[in-house]
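A structural walkthrough
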Amino acid sequence: MLKFPIYFDNQATTPVDPRVLEAMLPYFTERFGNAASRNHRYGWEAEEAVEAARKQVADLIGANPKEIVFTSGATESDNLAIRGAVYMYREKGDHIITALTEHKAVIDTCKRLEKEGFRVTYLPVKPDGLVDLDALRDAITAKTVLITIMAANNEIGVLQPVAEIGAMAKERGVLFHTDAVQAAGKVPFDVNACNAHLASLSAHKMYGPKGVGALYVRRRQPRVLLSPIIDGGGHERGMRSGTLNVPGIVGFGKAAELCRLEMAQESARIRALRDRLNAKLHAGLDELHVNGSMEHRLPGNLNISFAYVEGESLLMGINDVAVSSGSACTSASLEPSYVLKALGTGDDLAHSSIRFGLGRFNTEEEVDYVAGKVVAVVRKLREMSPLYEMAKDGVDLAKMEWREH
Amino acid sequence: MAYSDKVVDHFNNPRNVGSLPKQDPTVGTGLVGAPECGDVMKLQVRVNPETGVIDEAKFKTFGCGSAIASSSLATEWLKGKTVDEALTIKNTDIVAELSLPPVKVHCSVLAEDAIKAAIADYQQKQQGGPSS
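This is a predicted model, so every value here is computed, not measured.

Each value, and the rule that gives it
- Residues numbered from 1 in each chain as written.
- Chains lettered and ligands numbered in written order.
- Predicted model: local features only at pLDDT ≥ 70, side-chain atom pairs only at ≥ 80, totals over all residues.
- Helix = DSSP H or I, 4+ residues; strand = E, 2+ residues; numbered from the N terminus.
- Buried ≥ 20, exposed ≤ 12 C-beta atoms within 10 Å, placed from the backbone.
- Contact = placed C-beta atoms within 7 Å.
- Rg over C-alpha atoms; globule rule 2.2 N^0.38 Å.
- Axes fitted to C-alpha atoms, helices over the stretch in contact; angles between N-to-C directions.
- Left-handed = near helix turned anticlockwise from the far one by under 90°.
- Nonpolar A, V, L, I, M, F, W, Y, C, P; charged D, E, K, R; others polar.
- Domains from an automatic or database assignment.
- Arc of directions from axis to C-beta.
- Pairing = 2+ DSSP bridges.
- Parallel < 35°, antiparallel > 145°, perpendicular 65-115°, else oblique.
- Expected span 1.5 Å × (residues − 1).
- Core = buried A, V, L, I, M, F, W, Y, C linked by C-beta atoms within 7 Å.

A tally of regular secondary structure across chain A gives twelve helices and 13 strands. Considering only C-alpha atoms, chain A reaches an extent of 75 × 55 × 35 Å along its principal axes. Counting only residues that meet the buried cut, chain A has 52% of its 405 residues in that class. Counting only contacts in chain A whose residues sit at least 6 apart along the sequence, the fraction spanning at least 24 positions is 73%.

Listed below in structure tokens is the structure:
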């Protein structure tokens, strides 16, 4: 039995796994203690649970538990990593390197730092969405203190070559931060394999609860120091003050453990579902453009532009399916996705894009339903599209003079 | 975002989708918007030369649901109107009829532009001779 709307937006968030919820529940009620209370059993129980979760999260990414700092989520982790590092190492330099396709939590943090006097290089990406390693090498200067490049992109799912980037950073003595929110738990991600100094994680992208994340902070070779961005009781080795979200952290730990144990099997299953969806769409429709590399990609992500069909109308036509569009017609700016623009995708195709995000709880039956529905709606909208008609009549749309309003 | 019932109705059951022969001297064609802005409307009217009344109107639209609904509604309103009456249709009438929110007002503006462009094309053909 299909349950509507069908959820295909697992890069936005994921449902909490029932096993995760079960692990969390006692920590709302009978084990409600403050992990910083040192004088009674309530505090000890909470602290013990937090430390167990710290190990579960560390194990997922090949880290030592002491290298995990719990936060309120990946936006805070990105802010703490970037600001914390550049403030701490300001004497060494003032230059940051990132990419145009990074998450807003990274881009906007860098933009604010520019106003504070730091210099930022926003690397372009290749048409497949991957960072050009030669361009990165050329961008590193004696003043570069930090490279921040994500492990997997949230819109197009492409996997950046973090191992090569980390090796380059190590060789040049530059700190390397990676936003691993979409990658961790979905594909193998190891902080030592990629020489990361800092890595951001989020629980709710891996079937854990919202409102909890972590920052990996390397302790050895080299020991990385951060200037805290939140002051207070000195929790988390002084790097992140604030009473710990114990139930959230317990859930995060359980979610990370499940991902670690089930990743191989789960990613193969999800990849097969994603490939089935892609094949069915291509069988039913012409003029499809997959955005980003299919080879270096999260198993559950498919981002497709349906030429000559506007994304928001497509979403309206498939309103029993929960997906995201790269079109931002609802915003006053009418600006389509900056990630797709960075790939060199034309604005017209960016307006036509849909992100399908498959996850743990999706089924083959759902894929078949969604594929059938999308094919039918795209055909209907193309029948209604003046662009499709013109293209079929041989009009070169790129050479038209449009009457913009 | 939530769409009004009328927008949903026009989106699911668009009126007068299609094309009229562009070269026909009694047909006026308006093509407005741009693909990179996310909406393009093609609106066509056919005018009865005897009466000056629009007896057929067709549209094709690339755009969001509100853009499709605005152009669908415009074709409904155009049929049976004289050319002069057609030019009195205002975007605010479309906004009111479809209960468009502020971020979608531009869809109605585009529809008004499309009507004006189609009528202008028709009038130009009439002045410039039958086969221009």
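Text resumes after the structure shown.
All right, on to the overall build of chain B then. Counting its secondary structure elements, chain B contains five helices and three strands. What you see for chain B is a C-alpha radius of gyration of 14 Å, in line with the 14 Å of a compact globule of 132 residues. With the principal axes as the frame, chain B shows a C-alpha extent of 50 × 30 × 20 Å. Across the 132 residues in chain B, those meeting the buried criterion constitute 48%. Contacts in chain B between residues at least 24 apart in sequence constitute 65% of all its contacts with a sequence separation of at least 6.

Here we come to the packing of helix α3 (residues 74-88) of chain A against helix α4 (residues 104-115) of chain A. All names here are of chain A. Two numbers describe how α3 lies on α4: the axes approach to 9 Å, and their chain directions differ by 35 degrees. Considering how the two elements wind past one another, α3 and α4 form a crossing that is right-handed. Across from Ala74, Thr75, Asp78, Asn79, Ile82, Arg83 and Val86 in α3, the residues of α4 making contact are Ala105, Val106, Thr109, Cys110 and Leu113. Of the residues in the contact of α3 with α4, the class split is seven nonpolar, three polar and two charged.

It is worth spelling out the domain arrangement of chain A at this point. Residues and elements named next belong to chain A. Split into domains, chain A comes out as domain 1 (6-10 + 263-389) and domain 2 (18-259). In this structure, domain 1 and domain 2 have C-alpha centres spaced 29 Å apart. Facing the 20 residues of domain 1 at the interface are 21 residues of domain 2. Of all the elements in the fold, those that place two or more residues in the side of domain 1 that touches domain 2 are α7 (246-284), β10 (301-306) and α9 (338-342). Its residues assigned to classes, the side of domain 1 that touches domain 2 comprises six nonpolar, eleven polar and three charged.

Residues and elements named next belong to chain B. Within helix α4 (residues 91-98) the residues assigned to the buried category are Asn91, Ile94, Val95 and Leu98. Down the axis, α4 shows its buried residues gathered within 100 degrees of arc, on one side only. For α4, the elements touching its buried residues are α1 (5-12), α2 (65-78) and α5 (105-127). Ser99 occupies a position one or two residues after α4 and carries a positive phi of about 50 degrees.

Residue and element names in this part refer to chain B. Here Leu78 shows up in helix α2. Taking the C-alpha atoms as reference points, Leu78 and Arg15, 63 residues apart in sequence, are found 12 Å from one another. Apart from the residues within four sequence positions on either side, Leu78 is in contact with Val45, Ile54, Ala57, Ala86 and Ile115.

For a regular strand, side-chain orientation follows a simple rule: the groups alternate between the two sheet faces. The element strand β3 (residues 54-62) of chain B is extensively covered by neighbouring structure, given that seven of its nine residues are classed as buried. The antiparallel pairing of strand β2 (residues 39-47) of chain B with β3(B) creates a hairpin that spans six residues between the two strands, and Gly52(B) there sits at a positive phi of about 75 degrees.

On to the packing of α2(B) against α5(B). Residues and elements named next belong to chain B. For the pair α2 and α5, interaxial distance at closest approach is 9 Å and the crossing angle is 40 degrees. The angle between α2 and α5 falls in the class oblique. The crossing of α2 and α5 is right-handed. Packed against α2, whose contacting residues are Ser66, Ala67, Ser70, Ser71, Ala74 and Leu78, the element α5 presents Cys107, Ser108, Leu110, Ala111, Ala114 and Ile115 at the interface. Counted by class, the contact of α2 with α5 contains eight nonpolar, four polar and no charged residues.

With that settled, consider the interface of chain B and chain A. Listed by partner, the interface residues are 29 residues for chain B and 24 residues for chain A. Residue assignment for the side of chain B that touches chain A shows that the elements contributing at least two residues are β1 (27-34), β2, β3, α2 and α5 of chain B. Within the side of chain B that touches chain A, the residues separate by chemical class into 17 nonpolar, seven polar and five charged.

Time to look at the pairing of strand β2 (residues 68-71) of chain A. Residue and element names in this part refer to chain A. Side-chain alternation along β2 places Ile68 and Phe70 on one buried face and Val69 and Thr71 on a second face that is also buried. In terms of strand pairing, β2 meets strand β8 (residues 213-217) through four bridges, oriented antiparallel. Each residue of the ladder has a partner; that of Val69, found in β8, is Leu215.

Further remarks concern helix α11 (residues 364-383) of chain A. Residue and element names in this part refer to chain A. With 20 residues, α11 extends 29 Å from end C-alpha to end C-alpha; this agrees with the ideal 28 Å at 1.5 Å per step. Taken residue by residue, α11 has Glu366, Val367, Val370, Ala371, Val374, Val377, Val378, Leu381 and Arg382 as its buried positions. The arc enclosing the buried residues of α11, seen along the axis, measures out at 145 degrees, which places them on a common side. Lining the buried residues of α11 we find β1 (6-7), α7, β10, α8 (311-317), β11 (321-322) and α12 (386-392).

Another aspect to go through is the sheet that holds strand β9 (residues 288-290) of chain A. Residues and elements named next belong to chain A. Pairing within the open sheet is antiparallel, and its four strands lie in the order β9-β10-β13-β12. Edge positions in the open sheet fall to β9 and β12 (324-325), since each of these has one partner strand only. Pairing between β10 and strand β13 (residues 353-357): five bridges, direction antiparallel. By the bridge assignment for β13, Ile304 is matched with Ile354.

Okay, the nonpolar core next. All names here are of chain A. Core analysis: the biggest nonpolar cluster contains 155 residues, and Leu198 and Tyr216 have the highest contact counts within it. With twelve residues, α7 is the single largest residue contributor to this core. The residue makeup of this core includes at least three contributed by each of domain 1 (6-10 + 263-389) and domain 2 (18-259). Discounting chain neighbours no more than four positions away, the residues touching Tyr216 are Ile61, Ala63, Glu67, Ile68, Val191, Ala196, Leu198 and Ala199.

All right, on to the sheet that holds strand β3 (residues 95-99) of chain A then. Strands in a sheet are paired, the pairing made by backbone hydrogen bonds, and the direction either parallel or antiparallel. Residues and elements named next belong to chain A. Read from one edge of the open sheet, seven strands run β2-β8-β7-β6-β5-β3-β4, paired in mixed fashion. Each of the sheet's edge strands pairs with one partner strand only, and the pair in question is β2 and β4 (119-123). Across the sheet, the mean angle separating the axes of adjacent strands is 20 degrees when strand polarity is ignored. The pairing of β3 with β4 spans five bridges and is parallel. By the bridge assignment for β4, His95 is matched with Arg119. Packing of α4 onto the sheet brings it into contact with β3, β4, β5 (144-148) and β6 (175-179), and relative to β3 it is tilted by some 150 degrees. Strands β5 and β6 of the sheet are contacted by helix α6 (residues 162-172), whose axis makes an angle of about 160 degrees with β6.

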